[in-house]
Amino acid sequence: MRKRSGKSRLLAAALFAAVLFNWILADQLRKSAGETDTGFFISDESVSDTVSREICFFPIAAGEDSSLTFDFADTWMAERSYGGDRAHEGCDIIPSVDQRGLSPVVSMTEGIIENIGWLTLAPYRNGHRSDSAVYYYYAHLESYAEGLAVGQEVLAGAFLGFVGDSGYGDEGTTGQFVTHLHIGIYVPDEEGEDTAVNPYPYLDAVRDTRVQAKYTAGS
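Computed from a predicted structure; not experimentally measured.

## Description of the pattern of salt bridges
Piece 1. Applying the stated criterion across every chain yields a total of five salt bridges.
Piece 2. Residue R207 pairs with D204 through a salt bridge whose shortest N-O separation is 2.9 Å.
Piece 3. For R207, a relative accessible area of 28% puts it in the partly exposed group.
Piece 4. Its relative accessible area of 31% is what places D204 among the partly exposed residues.
Piece 5. Among the charged side chains, a network of salt bridges with common partners joins E114, R129 and D194.

## With respect to the nonpolar core
Piece 1. Counting 45 residues, the largest nonpolar core has I93, L181 and I185 as the members making the most contacts within it.
Piece 2. Discounting residues that sit within four places of it in the chain, I93 has contacts with F58, P59, I60, F70, D71, F72, H180, L181, I183 and L203.
Piece 3. In this structure, A122, Y137, A139 and Y186 belong to the second largest nonpolar core, which totals six residues.

## Some thoughts on the side chain of T173
Piece 1. Take T173: it is sitting in the loop between β11 (159-163) and β12 (181-188).
Piece 2. At 2.6 Å, the side chain of T173 forms a polar contact with the backbone oxygen of D170.
Piece 3. Those residues in contact with T173 that sit more than four places away from it in its chain are W118, D165, S166, G167 and Y168.

## Digging into the side chain of R125
Piece 1. When you line up the elements, R125 lands in strand β7 (residues 125-129).
Piece 2. Salt bridges are absent for the buried R125, whose nearest opposite-charge side chain, E114, sits at 8.8 Å.
Piece 3. Residues within four places of R125 in sequence aside, it is in contact with N115, I116, G117, W118, L119, Y137, Y138, A139, L141 and Y144.

## Observations regarding the sheet that holds β11
Each strand in a sheet pairs with another by means of backbone hydrogen bonds, the pair being arranged parallel or else antiparallel.
Piece 1. In space, the three strands of this open sheet follow the order β5-β11-β9, with antiparallel pairing throughout. Of all strands in the sheet, those with a lone pairing partner are β5 (104-106) and β9 (141-144), marking the two edges. If you compare each strand with its neighbour and ignore which way they point, the axes differ by 35° on average.
Piece 2. Of the pairings in the sheet, the one linking β5 to β11 comprises three bridges and is antiparallel in character. By the bridge assignment, V106 is partnered in β11 with F159.

## A word on the environment of Y200
Piece 1. If you trace the backbone, Y200 turns up in helix α3 (residues 200-205).
Piece 2. It is 8.2 Å that separates the C-alpha atoms of Y200 and T75, two residues lying 125 residues apart in sequence.

## Quick notes on the environment of Q212
Piece 1. Locating Q212 in the fold gives a position in the segment after α3.
Piece 2. A relative accessible area of 54% places Q212 in the exposed class.

## A look at the packing of aromatic side chains
Piece 1. Within this structure, the stated rule accounts for 11 aromatic pairs.
Piece 2. Seen in terms of ring centroids, F58 and F70 are 4.4 Å apart; in terms of plane orientation they differ by 25°. Their pairing is stacked. Of this pair, F58 sits in the loop between α2 (44-54) and β1 (70-72) while F70 sits in strand β1, placing them 12 residues apart in sequence. F70 shares its class with F58; the two are buried.
Piece 3. Through pairs of rings, three or more aromatic residues link up here, namely F58, F70, F72 and Y200.

What counts and how
- Residues numbered from 1 in each chain as written.
- Predicted model: local features only at pLDDT ≥ 70, side-chain atom pairs only at ≥ 80, totals over all residues.
- Heavy atoms only, no water.
- Salt bridge = Lys/Arg side-chain N within 4 Å of Asp/Glu carboxyl O.
- Buried < 20%, exposed > 50% of the residue type's maximum accessible area, 1.4 Å probe, protein only.
- Core = buried A, V, L, I, M, F, W, Y, C linked by side-chain atoms within 4.5 Å.
- Contact = heavy atoms within 4.5 Å.
- Helix = DSSP H or I, 4+ residues; strand = E, 2+ residues; numbered from the N terminus.
- Polar contact = N/O pair within 3.5 Å; in protein donor to acceptor, adjacent residues only side chain to side chain.
- Lys, Arg positive; Asp, Glu negative; His and termini not counted.
- Pairing = 2+ DSSP bridges.
- Axes fitted to C-alpha atoms, helices over the stretch in contact; angles between N-to-C directions.
- Phe/Tyr/Trp six-rings, centres within 6.5 Å; stacked < 30°, edge-to-face > 60°.

So, in structure tokens, the structure goes:
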């Protein structure tokens, strides 16, 4: 498991105040709206409302350099071939600067970390589940924020790690594709099995709602 210390501490400190303020504000808004836990099954009719309510931030922090932009498109269920024919259950966000370890990844929502570590297809990844049981998945990371562990609570906007190009091989494999962040969203069905939903419209809705961080191209 890859972790960073010095760089992670600086970014975490820079993000903390803004994250805490936004979390408190979001919590107050939820309470004032009278929202309650939806349980472990979300009906098809309420999936959109639940996910839209929970996602507070775009998952890549904004930098100080105007050249640090990003691109993403609706590639839901596009063909993928590594490891056998399959469909793309997610959305890939591609930074304008193809540099692993540059762009900070932040949590879109509150949740409890459920998975962290390496998978061949999803390499260094972080997955956490919200209190409504939606699973939010961040993959192809370059490294993790220091101290993250399964069972830990994360706030919306919390620093999770850095965008990378890890995956498609043994642990530590990089360079098989461009640097990008894969986002997956999974909602439990009536049997409690996670079913993928298209992240694109939810990401598009918060593309301009970004945590600010101090980083520039080449840093």
